[in-house]
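The chain contents come next:
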Amino acid sequence: MDLNLILVIVVIVIALGFDFTNGFHDAANAIATSVSTRALTPRAALGMAAVMNIVGALLGTEVAKTIGEGIIDIQQFTYSTDPTLQLHGLGIILAALIGAITWNLITWWFGLPSSSSHALIGGLVGAGFASSTTVLWGGITMQVIIPMFLSPLVGFFLAYLFMELTLFAVRKLPYHRTMRKFRFAQTVSAAAMALGHGLQDAQKTMGIIVMALLAGGYGETHSVIVDGELTIPTWVKLAAALAISAGTYSGGWRIMRTLGRRVIELDPARGFIAETVSATVLYFTAFVVHAPISTTHTITSAIMGVGATKRLSAVRWGVAGNIVVAWFLTLPAAAAVAAIIYRLLHLVLP
């Protein structure tokens, strides 16, 4: 077995490992509110989220194409027949994955709901810089930076607005009976959120695996390019879907506690609105904008938005501030780790 094929297999395995960490790191995104309001038991919520992650992962590929083509330009490696260039292309992808996984594990350990998506993008940028590969700043600005700032703002203000409208609509209804109905409705909104998570996050791993196939010279073998267009093979979709689903089912209890209880104490109505708004934003960006936004940013800001309808002091802004700091550190931290890993790989690659 030649070194090129070995490295392709290693990159694909590590990409699926990243997908798994994405699942347990971001499991809280879909179910923390439902578990904290007792709409679902933890295991039932995780099982539902795992299944909906698979469904969501199979519903689209546009975000995967953005990751595969819109962050860094590795065509000098992906369309080369030179084995040495192919190895260095694979080294870039491997370094990006290690940078993303490292940041995922650090933030998971501290219970901070950071963005796996931005960790991966930061890893690609860092490895791109270290390898003197062209970084596609136009695509990053339009499809990463702008959505990174807009999606939390949209999530916060839409959640605040719809929560206020909901409170006005149910103001004369019996409180406990109404909350029971919202608790039931949360099973639907949590499923919608989990589907949106699979739709967005599993596709990012698909894009990375496709990059690895192209860089390793196996793009034609797996029909990655059809009529000049990037396509995602069925086996890649299934592998990414199953990996993120397995990670989700394993649970991310540390982050779940942060989202479900430490930011604000949620009731079923607020949980339902936060999940519904977040899912809507995820679907819009995946199907219309094709932008790889952060499910973490969206649901966290929506939780803050519904919480602010109680009173501003109801949101634990100290915890929220720590989360936002982690958001801003994600891109440069993952980029720095990826750059270091690439330089180390560069020393051992032919």
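Cut-offs applied
Starting afresh in each chain, residues are numbered from 1 along the sequence in its written order. Only residues with pLDDT of at least 70 get local features here, since the model is predicted, and only at 80 or more are side-chain atom pairs given and counted; chain-wide, interface and lining totals rely on the full set of residues. With hydrogens and water stripped out, all remaining heavy atoms of the structure feed into the side-chain values. Strands here are runs of E lasting at least two residues and helices are runs of H or I lasting at least four, both read from the DSSP assignment and numbered beginning at the N terminus. Exposure categories follow from relative accessible area, calculated using a 1.4 Å probe and restricted to protein chains: below 20% of the type maximum is buried, above 50% is exposed, and the middle band is partly exposed. In this description, contact between two residues means that some pair of their heavy atoms is separated by no more than 4.5 Å. Method for areas: the Shrake-Rupley scheme with a 1.4 Å probe, in which residue coverage is limited to the protein chains shown. Working definition: rings of Phe, Tyr and Trp (its six-membered ring) pair if their centres are within 6.5 Å, and the pair is stacked with planes under 30 degrees apart, edge-to-face with planes over 60 apart, and tilted otherwise. Only when the NZ atom of a Lys or the CZ atom of an Arg is both within 6 Å of the ring centre and within 35 degrees of the ring normal do we say a charge sits over the ring. UniProt positions are given in the numbering used here, feature names are shortened, and annotations may be inferred rather than shown by experiment. Any carboxyl oxygen of Asp or Glu that lies within 4 Å of a side-chain nitrogen of Lys or Arg is treated as forming a salt bridge with it. Residues adjacent in sequence count toward polar contacts only when both atoms are side-chain atoms; beyond that, a polar contact is any pair of N or O atoms within 3.5 Å, and within protein one must be able to donate a hydrogen and the other to accept it.

### As for the overall build of the chain
- From N to C terminus, the chain includes 13 helices and 4 strands.
- The buried share of the chain, reckoned over its 350 residues, is 59%.
- Within the chain, contacts between residues at least 6 apart in sequence are counted, and of these 86% link residues at least 24 apart.
- Of the roughly 13,900 Å² of accessible surface on the chain, 69% is carried by carbon and sulfur atoms.

### Quick notes on the packing of aromatic side chains
- If you walk through the whole model with that rule in mind, you get 4 aromatic pairs.
- A centroid spacing of 5.9 Å and a plane angle of 45 degrees characterise the contact between phenylalanine 129 and tryptophan 137, whose relative ring orientation is tilted.
- The class of phenylalanine 129 is exposed, set by a relative accessible area of 52%.
- Centroid distance phenylalanine 149 to phenylalanine 328: 5.8 Å. Interplanar angle 50 degrees. Geometry classified as tilted. In this pair, phenylalanine 149 sits in helix 7 (residues 137–169) while phenylalanine 328 sits in helix 13 (residues 317–348), placing the two residues 179 residues apart along the sequence.
- Judged by relative accessible area, phenylalanine 328 falls into the partly exposed class, the value being 49%.
- A cation over an aromatic ring shows up here: arginine 171 above the ring of phenylalanine 168, its NZ or CZ 3.9 Å from the ring centre.

### A short note on the UniProt feature "transmembrane region" (unreviewed entry) in the chain
- UniProt annotation of "transmembrane region" (unreviewed entry) refers to residues 6–24, 45–67, 87–112, 119–140, 146–170 and 319–345 when read in the numbering used here.
- Measuring from the first to the last C-alpha atom of residues 45–67 gives 29 Å, for a span that is 83% helix and 0% strand.

### Observations concerning the pattern of salt bridges
- This model, assessed by the stated rule, comprises 2 salt bridges.
- Of the charged contacts in the structure, one is a salt bridge between arginine 270 and aspartate 267, with a shortest N-O distance of 2.6 Å.
- The exposure class of aspartate 267 is buried, given its relative accessible area of 12%.

### Some thoughts on the side chain of serine 189
- For serine 189, the position within the fold is in helix 8 (residues 175–215).
- Within polar-contact distance, the side chain of serine 189 engages the backbone oxygen of glutamine 186 at 3.2 Å.
- In contact with serine 189, not counting residues within four places along its chain, are Phe272, Glu275 and Thr276.

### Some words on the environment of isoleucine 121
- With respect to the helices and strands, the residue isoleucine 121 is situated in helix 6 (residues 116–130).
- Classification of isoleucine 121 by relative accessible area gives buried; the value is 1%.
- In this structure isoleucine 121 touches Ile67, Ile71, Val144, Pro292 and Leu331, once residues within four positions along its chain are discounted.

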